[in-house]
Amino acid sequence: MLTIDLGAIRANYRLLRDRLGGKRCAAVVKADAYGLGADRVAPGLADEGCDSFFVAHVGEGIVLRKILGAAPDIHVLNGLPPGAEEACIAAGLVPVINSAAQLAAWRGKAAACGRILPAAVQVDSGMARLGMPPQEVELLAADPGAFAGIEVKLVMSHFARADEPHEASNGAQRAAFEALAQKLPAAPRSLANSAGIFLGTDHPFDLARPGAALYGINPTPGLPNPMAPVVRLDAKVIQTRIIEPDTGIGYGHAARADRRMQVATIALGYADGWHRRAASAAFFDGARLPFVGRVSMDSIILDISALPQGALAPGTLVELIGEHQTVDEVAAQAGTIGYEILTSLGRRFHRVYKNG
Ligand SMILES: *Cc1c(COP(=O)(O)O)cnc(C)c1O
């Protein structure tokens, strides 16, 4: 059971916006709001006054437009795929133009339909992932017709290392971004993701684009998490048993009982998005219940010897993510990041929304 606190997401949005001191705060709701359900998350953010959203794909933008209605700006981060011009216009999406070729296609479309089309322009300030490289920006700056028929609504870039506040590359990217933005049509500027908002007062420019922090992931790794927790994951006990010393446990008998043990099997596995390497304990009533043996597709075996016999009747819920174990901690144990944990948590879970 995946419990998502919509009120906490809204509180996190307010916290980020307040931190921006008057600058605008967008919301990144790509990948179905990091797996939490854009249909429930985005309207609450719009209610908070958020009027600028970011998704990754045109398809996500089309779905979000139906959810949010006509008013907010919906930007497509992955850019304008060849042939997607009509779909973007029909849904009123703002493509993030990542190359001169995409700009040419969008400009051609504007000329063909005799309209001014909106765009965000992304420059590569030092990540080598998406956006126009400096040479391309120079060429466009020298071409007076480059933006004919295009309304540039935003000039943006993205940090490679915003979660490492002492990295010199953050300042270098900021300077590169400013220099590149100056060569492009005047428009509001956007650089900071969640962690970027916590880098310093001058990084957010006009509009910040947080995603992870809205969903409770710590935007300041190594420091206490300023965000409210959003996600709680519980799994049901399906069966319990007593096993004798030397019993092989689970696939490959990867664990073997070293004593008489009480174990419980819970309905959670890697098909639910729980990585085989992710956190190795559940919690019940304050007690830590270690996993024993391998994570299966649909189940995990827990050592519940610490509990009184019969404490975990079938149907009882144990906590996997919650007050005893945060998303970030689960991720760290799996050698990954909270983003991957959230976006992996499967469609299979019964999702419960609270404070909606
Ligand atoms: C995903 C993404 C964001 C949001 O990043 P968080 O770290 O989740 O806040 C912002 N900008 C771009 C370009 C992104 O791809």
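Rules used throughout
Residues numbered from 1 in each chain as written. Predicted model: local features only at pLDDT ≥ 70, side-chain atom pairs only at ≥ 80, totals over all residues. Heavy atoms only, no water. Domains from an automatic or database assignment. Contact = heavy atoms within 4.5 Å. Buried area = accessible area lost by both parts, 1.4 Å probe. Salt bridge = Lys/Arg side-chain N within 4 Å of Asp/Glu carboxyl O. Near = heavy atom within 4 Å. Polar contact = N/O pair within 3.5 Å; in protein donor to acceptor, adjacent residues only side chain to side chain. Areas by Shrake-Rupley, 256 points an atom, 1.4 Å probe, with all protein chains shown as cover. Nonpolar A, V, L, I, M, F, W, Y, C, P; charged D, E, K, R; others polar. Helix = DSSP H or I, 4+ residues; strand = E, 2+ residues; numbered from the N terminus. Buried < 20%, exposed > 50% of the residue type's maximum accessible area, 1.4 Å probe, protein only. UniProt positions renumbered as here; feature names shortened; annotations may be inferred.

**Observations regarding the domain arrangement of the chain**
Alright, step 1. Taken domain by domain, the chain holds domain 1 (2-215) and domain 2 (231-354).
Alright, step 2. Between domain 1 and domain 2, the C-alpha centre-to-centre distance is 38 Å.
Alright, step 3. Counting residues at the interface gives 15 residues for domain 1, matched by 14 residues for domain 2.
Alright, step 4. Summed over both sides, the interface of domain 1 with domain 2 buries roughly 1,500 Å², with 59% coming from carbon and sulfur.
Alright, step 5. Its largest share of buried area at the contact with domain 2, domain 1 owes to L2, T3 and Y34, together 47% of the area lost on that side.
Alright, step 6. Across the domain 1-domain 2 interface, the total number found is one salt bridge.
Alright, step 7. Among the salt bridges present, the one from D32 reaches R351, with a minimum N-O distance of 4.0 Å.

**Section: the site of the ligand**
Alright, step 1. Around the ligand, a shell composed of 13 residues is seen, among which K30, Y34, S194, A212 and Y339 lie nearest.
Alright, step 2. N193 has a polar side-chain atom sitting 3.0 Å from an oxygen atom of the ligand.
Alright, step 3. In the model, an oxygen atom of the ligand is placed 2.8 Å from a nitrogen or oxygen of the A212 main chain.
Alright, step 4. Burial of the ligand by the surrounding chains reaches 93%, relative to a free accessible area of 390 Å².
Alright, step 5. Grouping the amino acids of the shell around the ligand by side-chain chemistry returns six nonpolar, four polar and three charged.

**Let's talk about unusual backbone geometry**
Alright, step 1. If you check the backbone angles, Y34 has positive phi at about 55° while not being a glycine.
Alright, step 2. Examined against the element boundaries, Y34 turns out to sit in helix α2 (residues 30-34).
Alright, step 3. One non-glycine residue, D246, lies in positive phi territory at about 75°.
Alright, step 4. With respect to the element layout, D246 can be found in the loop between β11 (231-243) and β12 (248-249).
Alright, step 5. D246 gets classed as exposed once you look at its relative accessible area, which sits at 52%.

**Looking at the UniProt feature "binding site: substrate" (unreviewed entry) in the chain**
Alright, step 1. The feature "binding site: substrate" (unreviewed entry), as given by UniProt, occupies R129 and M297 in the numbering adopted here. For the residues just named, distributed over 169 residues, the greatest C-alpha separation reaches 33.8 Å, placing them at more than one site.
Alright, step 2. A residue is classified by how much of its surface remains accessible, and R129, at 53% relative accessible area, is exposed.
Alright, step 3. As for its placement among the helices and strands, M297 is situated in the loop between β16 (287-292) and β17 (300-303).
Alright, step 4. Once residues within four sequence positions are removed from consideration, M297 is found in contact with G269, Y270, A271, D272 and R348.

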